[in-house]
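So you can see what is in the structure, the chains are spelled out below.
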Amino acid sequence: MKAIKQQDFAGLPAANDGFIYPVEDGYWQDNNYLVTLDGTCNADRSKLGSYNFNLLNQAATQTSSSTQQLVLGDLGLGLVHGRVTDAATGAPIADATVTCEHQSYTSSSLCSGILGTNTEGAFAFNNVFFHDTDTIKITVQAAGYESQEISRSSFTVNDWKADIALKSAP
């Protein structure tokens, strides 16, 4: 197996006396890897943002969503994920309904929508763009349990692991 390196791709921005680096774990879509890039020192800020790395032609192209200039406090694309369990037993709760609401003044890809948990009680909202001043609220409902709501304001990384334990309904 051959390691794929960033320098193997054409189309990346130059960083004189610095580095270009991913700001989060990207994600695969067919033969493409999508990730947000940032840079140090003298990197051209207008060339940073979301990139599509095509494995077939080894070319990196800036995606249309990256025309938005990165703003101080932007943390990049990330993940809101967790596990829903029974508070008394710790057992996973399958088919719980998880709702995500996201308030932001800069984020272009908000955490929003409704998901169901899998058999392990896990859920994940992918491709959420985080800013350090965002507020994200998760609401969980499951048959036979009291619904629960948690929220978080102020982020330092583009990942929120929100494990939730539900109490049985009275």
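This text follows the structure it describes.
Since this is a predicted model, take the numbers as computed values, not measurements.

Our next topic: the packing of aromatic side chains. Here the distance between the centres and the angle between the planes together describe a pair of aromatic rings. In this structure the tally under the stated criterion is four aromatic pairs. Arranged with centres 5.0 Å apart and planes meeting at 80 degrees, the rings of Phe9 and Phe53 form a pair that is edge-to-face. With Phe9 in the segment before β1 (15–16) and Phe53 in strand β6 (residues 49–54), the pair connects residues that are 44 residues apart, well separated along the chain. For the pair formed by Phe9 and Phe53, the shared burial category is buried. Ring geometry for Phe155 and Trp160: centres 6.2 Å apart, planes at 70 degrees, overall edge-to-face. An identical accessibility class is assigned to Phe155 and Trp160; each is buried. Aromatic ring contacts, followed pair by pair, group Phe130, Phe155 and Trp160 into a single cluster.

Moving on to the state of the cysteines. Summed over all chains, the structure comprises one disulfide. The partner cysteine of Cys100 in its disulfide is Cys111, sulfur to sulfur 1.9 Å. Judged by the sign of its S-S torsion, about 130 degrees, the bond between Cys100 and Cys111 is right-handed. One end of the pair, Cys100, is in strand β9 (residues 97–103); the other, Cys111, is in the loop between β9 and β10 (113–116), and eleven residues separate them in sequence. On the basis of relative accessible area, Cys100 is assigned to the buried category, the value being 2%.

Right, let's get into the pattern of salt bridges. One pass over the full model with this rule turns up three salt bridges. Two residues, Lys137 and Glu149, come together in a salt bridge whose shortest N-O distance is 3.8 Å. Of this pair, Lys137 sits in strand β12 (residues 135–141) while Glu149 sits in strand β13 (residues 148–153); the two residues are twelve residues apart in sequence, bridging distant segments of the chain. Residue classification places Lys137 among the partly exposed residues on the basis of a relative accessible area of 26%. With its nearest N and O atoms 3.7 Å apart, the salt bridge here joins Lys161 to Asp163. Using a relative accessible area of 54% as the deciding quantity, one classes Lys161 as exposed. Note on Asp163: relative accessible area 46%, which makes it partly exposed. Look at the salt bridges and you will find they share partners, linking Glu101, Lys137 and Glu149 into a network.

Ordered by their spatial adjacency, four strands build an open sheet running β10-β9-β12-β13, and the pairing between neighbours is antiparallel. Two strands bound the open sheet, and with one partner strand each, they are β10 and β13. Averaged over all neighbouring strand pairs, the angle between strand axes comes to 20 degrees, with direction disregarded. Two elements, β9 and β12, share seven bridges in a ladder whose sense is antiparallel. Pairing of Glu101 across the sheet is with Lys137, part of β12.

All right, on to the nonpolar core then. Among the nonpolar cores identified, the biggest contains 21 residues, and Val80, Val84, Phe125, Phe130, Ile138, Val140 and Trp160 are the most heavily contacted of them. Counting residues per element, the ones that place at least two in this core are β8 (74–86), β9, β11 (122–131), β12 and β15 (164–166). No other element matches the four residues that β11 contributes to this core. With residues up to four places along the chain from it excluded, the contact list for Val80 reads Cys111, Phe123, Ala124, Phe125, Val128, Phe130, Ile136, Ile138 and Trp160. In terms of nonpolar packing, the next biggest core, distinct from the first, is built from eight residues, Val35, Leu48, Tyr51 and Phe53 among them.

What counts and what doesn't
- Residues numbered from 1 in each chain as written.
- Predicted model: local features only at pLDDT ≥ 70, side-chain atom pairs only at ≥ 80, totals over all residues.
- Heavy atoms only, no water.
- Phe/Tyr/Trp six-rings, centres within 6.5 Å; stacked < 30°, edge-to-face > 60°.
- Helix = DSSP H or I, 4+ residues; strand = E, 2+ residues; numbered from the N terminus.
- Buried < 20%, exposed > 50% of the residue type's maximum accessible area, 1.4 Å probe, protein only.
- Disulfide = S-S within 2.5 Å.
- Salt bridge = Lys/Arg side-chain N within 4 Å of Asp/Glu carboxyl O.
- Pairing = 2+ DSSP bridges.
- Axes fitted to C-alpha atoms, helices over the stretch in contact; angles between N-to-C directions.
- Core = buried A, V, L, I, M, F, W, Y, C linked by side-chain atoms within 4.5 Å.
- Contact = heavy atoms within 4.5 Å.

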